[in-house]
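What follows is the residue order along each chain.
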Amino acid sequence: MLRFLVRRILGAIVILFLLSIVTFLLFFGMPRDPALLMCGKTCNPDSLANIHHVLGLDKSIPEQYWIFLHNLVMGSNQFAQGPCPAPCFGYSYHTNEPVWATLMDRLPTTVSLTLGAAFCFLLVGLGSGLVAAWRRGTFIDKAATAGAMVLSSMQIYFLGPLALAILVYQTHWFDKPAYNNFTADPITWFTGLIIPWVVLSTIFAAQYTRMARSSMIEQLQEEHVRTARAKGMSRRYVFFRYAWRGSLIPIVTIFGIDLGSLLGGAIITEYTFSLPGLGQLAVLSVFFSDLPLLLGVMLFSATMILLFNIIVDACYAFIDPRVRLA
């Protein structure tokens, strides 16, 4: 197990390194100059050159990338804004704030959105999928499958504005979604995120319903499950003791990927509901051609995805004894 984890962690570091290179190169291929955005309407060549020098854009791309890696690992005292301890992503071109502090400030919003939505789509998706597999061929199964097919074809940028129009602006059942600090007011925190949770979990719940149903039906056809039934064990006992555990592997795999992706920023959901999370920050970093902020969001999101992939792979042996990590 230890050898497996070390190998996966080293592989993740290589992937992050390559991703940072690609992001760096793509940034310099963008048609917009971040110095022009900061220069203002009274911009002149001298001011533009000075901004390039302050931002370090007058250096070569390999030199800029080496400085970025050094600052990320060792920190830096070379910034005019002050010392930047590791992990140092530098200071935002647009807000002049430290990137790492900005990421940590936006992270609670993304975590709250992700965990609430994950609880909803796991509860609804797995529950309806198990019920559909248990009552296979009945009206309940057909209704759950049809509902999952319809909802999985929906998109957040359609459901989000529709939910706002009906639940907020027409019926006034809910206030406009907003993030509030959980420790300051848990009730306001909960009510402010209900609509984003429901909208985000709707599509995921539909996918998990189909996945749980198909995985459970496949497990019910396995030899060890049929042998248990032949020995006289009840259908309910076999269903939850044998088939359910075996069906978890594909579900846990997708859940790890989904959770890592959402923790890296639910871009469309956060932007639709104006939630100040990492997803909205990613959009702003592209809009303002903010290289430090863009690199920070990209690497943080990729780290979350890779981390949860490693955790999921390590959990396989505990979920199913037939799986062994080589």
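In the block above lies the structure referred to throughout.
To start, this report covers the structure provided alongside it.

Reading the values: rules and limits
Residues numbered from 1 in each chain as written. Predicted model: local features only at pLDDT ≥ 70, side-chain atom pairs only at ≥ 80, totals over all residues. Heavy atoms only, no water. Helix = DSSP H or I, 4+ residues; strand = E, 2+ residues; numbered from the N terminus. Buried < 20%, exposed > 50% of the residue type's maximum accessible area, 1.4 Å probe, protein only. Contact = heavy atoms within 4.5 Å. Lys, Arg positive; Asp, Glu negative; His and termini not counted. Charge placed at Lys NZ, Arg CZ, Asp CG, Glu CD. Polar contact = N/O pair within 3.5 Å; in protein donor to acceptor, adjacent residues only side chain to side chain. Disulfide = S-S within 2.5 Å. Salt bridge = Lys/Arg side-chain N within 4 Å of Asp/Glu carboxyl O.

Here's the deal with the overall build of the protein
If you tally the helices and strands in the protein, you get 14 helices and zero strands. Element order for the protein, N to C, with α for helix and β for strand: α-α-α-α-α-α-α-α-α-α-α-α-α-α. Considering only C-alpha atoms, the protein reaches an extent of 85 × 55 × 40 Å along its principal axes. Expressed as a percentage of its 326 residues, the buried residues of the protein come to 42%. A separation threshold of at least 6 residues defines the contact pool for the protein, and within that pool the share at least 24 residues apart is 68%. Here the protein holds 22 positive side-chain charges and 17 negative ones, and the gap between their average locations is 18 Å.

Observations regarding the side chain of Thr 102
Tracing the backbone through its elements, the reader meets Thr 102 in helix α5 (residues 99-134). Of note is the side chain of Thr 102, whose polar atom sits 2.9 Å from the backbone oxygen of Pro 98. Those residues in contact with Thr 102 that sit more than four places away from it in its chain are Glu 97, Leu 281 and Leu 293.

Points about the environment of His 94
Within the secondary structure, His 94 is located in the loop between α4 (61-74) and α5. Assessed through its relative accessible area of 46%, His 94 is described here as partly exposed. For the pair His 94 and Phe 288, spaced 194 residues apart in the sequence, the C-alpha separation amounts to 6.8 Å.

Regarding the state of the cysteines
With the rule as written, the count across this model stands at one disulfide. There is a disulfide in this structure between Cys 84 and Cys 88, and the S-S distance comes to 2.1 Å. Here Cys 84 and Cys 88 share a disulfide; its torsion about the S-S bond, 110°, makes the bridge right-handed. Using a relative accessible area of 0% as the deciding quantity, one classes Cys 88 as buried.

A look at the pattern of salt bridges
A complete count under the given rule lists one salt bridge for this structure. A salt bridge links Arg 213 to Asp 141; the shortest N-O distance between them is 2.6 Å. A residue pair is termed long-range when its members are at least 10 positions apart, and Arg 213 in helix α8 (residues 186-220) and Asp 141 in helix α6 (residues 139-152) qualify at 72 residues. For Arg 213, a relative accessible area of 22% translates into the label partly exposed. Classification of Asp 141 as buried rests on a relative accessible area of 3%.

Geometry only, nothing functional implied.
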